[in-house]
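What follows is each chain in one-letter form.
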Amino acid sequence: LIARAEGKIVETISAKKYAHAFVIELPFRGALSLSGQIESEKLPFFAELNKRFKIDFTPNDPYWTVQWGPSKIKAEYAWNQTLGSSDILIATIDTGIDYNHLDLAHNYAPLGYDWVNNDDDPMDDNGHGTHCAGILAAATNNNEGIAGLSQAKIMTEKAFDRDGFGWADDIVNAIIHAVDQGAKIISNSWGSSDDSVLLHQAIMYAHGKGAVSYTHLRAH
């Protein structure tokens, strides 16, 4: 069968000294011929491609083992396909980002604004924004800190002060500015028990620009 398919044996797989399978090199037409013959003659053999496999991805970041969230959603299975892309820009509307942090500096994009202090330096003075940014886009597999869910670029709009409070107008300005900078994902890890038409309009503006706005809602 192998000879008729113009193939040649390049490896023999044996178990208990008996040949169990052969690895064969053969032209494409030969592969079709061989498979067809096995099927048509109902022979007790099978032929399949010698497929390539890859180890499951496990990041070497030291705190990966205590990251229950990514483990819960089985992020490591997704990482076998992709770690994410720097072509995607994520924006956090939060207390800023410590952009000097070793786990964030590589993926940080200096495109945001500090709406609390009215300057272009959205440095985090609370810690919450940096925490959230790390979950989203900390450098993965760099032997440092935690493993971020995606290796996207991340920017921040500082709309919340050192005590964790922010005004609606600053938040709305932050969302609009982030989208205008090209952010495609807006992360909002904050909430209120009050409704806001203005905030809803800002989120609809982001939606209209093709951005996804994720809000972790909770009442204060």
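We now turn to the structure provided with this report. (Residues numbered from 1 in each chain as written. Predicted model: local features only at pLDDT ≥ 70, side-chain atom pairs only at ≥ 80, totals over all residues. Heavy atoms only, no water.)

**A closer look at unusual backbone geometry**
Defined as follows: Think of it this way: any DSSP run of H or I at least four residues long counts as a helix, any run of E at least two long counts as a strand, and we number them from the N terminus.
Unlike most non-glycine residues, K74 shows phi in positive territory, near 60°. Position of K74 among the secondary structure elements: in the loop between α2 (68-72) and α3 (75-79). In this model, N118 sits at a positive phi of 55°, which is unusual for a non-glycine residue. Along the chain, N118 turns up in the loop between β3 (89-94) and α4 (128-137).

**Things to note about helix α6 (residues 197-208)**
Definition in use: Every helix has an expected span of 1.5 Å times one less than the residues it contains. Classification of residues uses two cut-offs on accessible area relative to the type maximum, computed with a 1.4 Å probe and protein chains only: under 20% is buried, over 50% is exposed, and between them is partly exposed. Our arc is simply the arc of the directions from the helix axis toward the C-beta atoms. In this description, contact between two residues means that some pair of their heavy atoms is separated by no more than 4.5 Å.
Under the 1.5 Å per step criterion, the end-to-end length of α6 is 16 Å for twelve residues, consistent within 8% with the ideal 16 Å. Buried within α6 we find L199, A202 and A206. Seen end-on, α6 carries its buried residues on one side only, within an arc spanning 55°. Every exposed residue of α6 that faces more than 90 degrees away from the buried side is listed here: V197, H207 and G208. Here the buried face of α6 lies against α5 (168-180). Two residues or fewer past α6, G210 is found with a positive phi of approximately 85°.

**Quick word on the packing of α5 against α6**
Which entries qualify depends on this criterion: Axis geometry follows a simple rule: fit a line to the C-alpha atoms, using only the stretch in contact for helices, then measure angles between N-to-C directions, giving values from 0 to 180 degrees. We call two directions roughly parallel when the angle between them is under 35 degrees, roughly antiparallel when it is over 145, roughly perpendicular when it lies between 65 and 115, and oblique otherwise. All residues other than Ala, Val, Leu, Ile, Met, Phe, Trp, Tyr, Cys, Pro, Asp, Glu, Lys and Arg, Gly among them, are scored as polar; the first ten of these are nonpolar and the last four charged.
The interhelical angle for the contact between α5 and α6, taken along N-to-C directions, is 5°, at an axis separation of 9 Å. On the basis of the axis angle, α5 is roughly parallel to α6. Contact with α5, carried on its side by I171, V172, I175, I176, V179 and D180, involves L198, L199, A202, I203, Y205 and A206 of α6 and no other residues of that element. Of the residues that constitute the contact of α5 with α6, the class distribution is eleven nonpolar, no polar and one charged.

**Brief notes about the environment of G96**
For G96, the location among the structural elements is in the loop between β3 and α4. Given the relative accessible area of 0%, G96 is considered buried. For G96 and P122, which are 26 residues apart along the polypeptide, the C-alpha to C-alpha distance reads 5.0 Å. G96 has contacts with P122, M123, D124, G129, T130, T156 and K158, leaving out every residue within four places of it along the chain.

**Quick word on the layout of surface pockets**
To find leftover empty space, a probe the size of one water molecule is rolled over the atoms. So the rule is basically this: Within this scheme a cavity is a closed region of a 1 Å grid, computed over the protein atoms alone, that accommodates a 1.4 Å probe without allowing it to escape, whereas a pocket is open but has protein on both sides within 12 Å along at least five of seven lines; lining residues each have an atom within 4 Å of a point. Grid points are joined across faces, edges and corners, and a volume is the space filled by probe spheres set on the points.
What the largest pocket holds in volume is close to 1,000 Å³. Mapped by element, the contributors of at least two residues to the lining of the largest pocket are β1 (8-15), β2 (18-25) and α1 (28-40). Sort the elements by how many residues they give to the lining of the largest pocket and β2 lands first, with six residues. Across the lining of the largest pocket, the residue classes break down as 19 nonpolar, three polar and three charged.

Worth remembering: the numbers are spatial, not functional.
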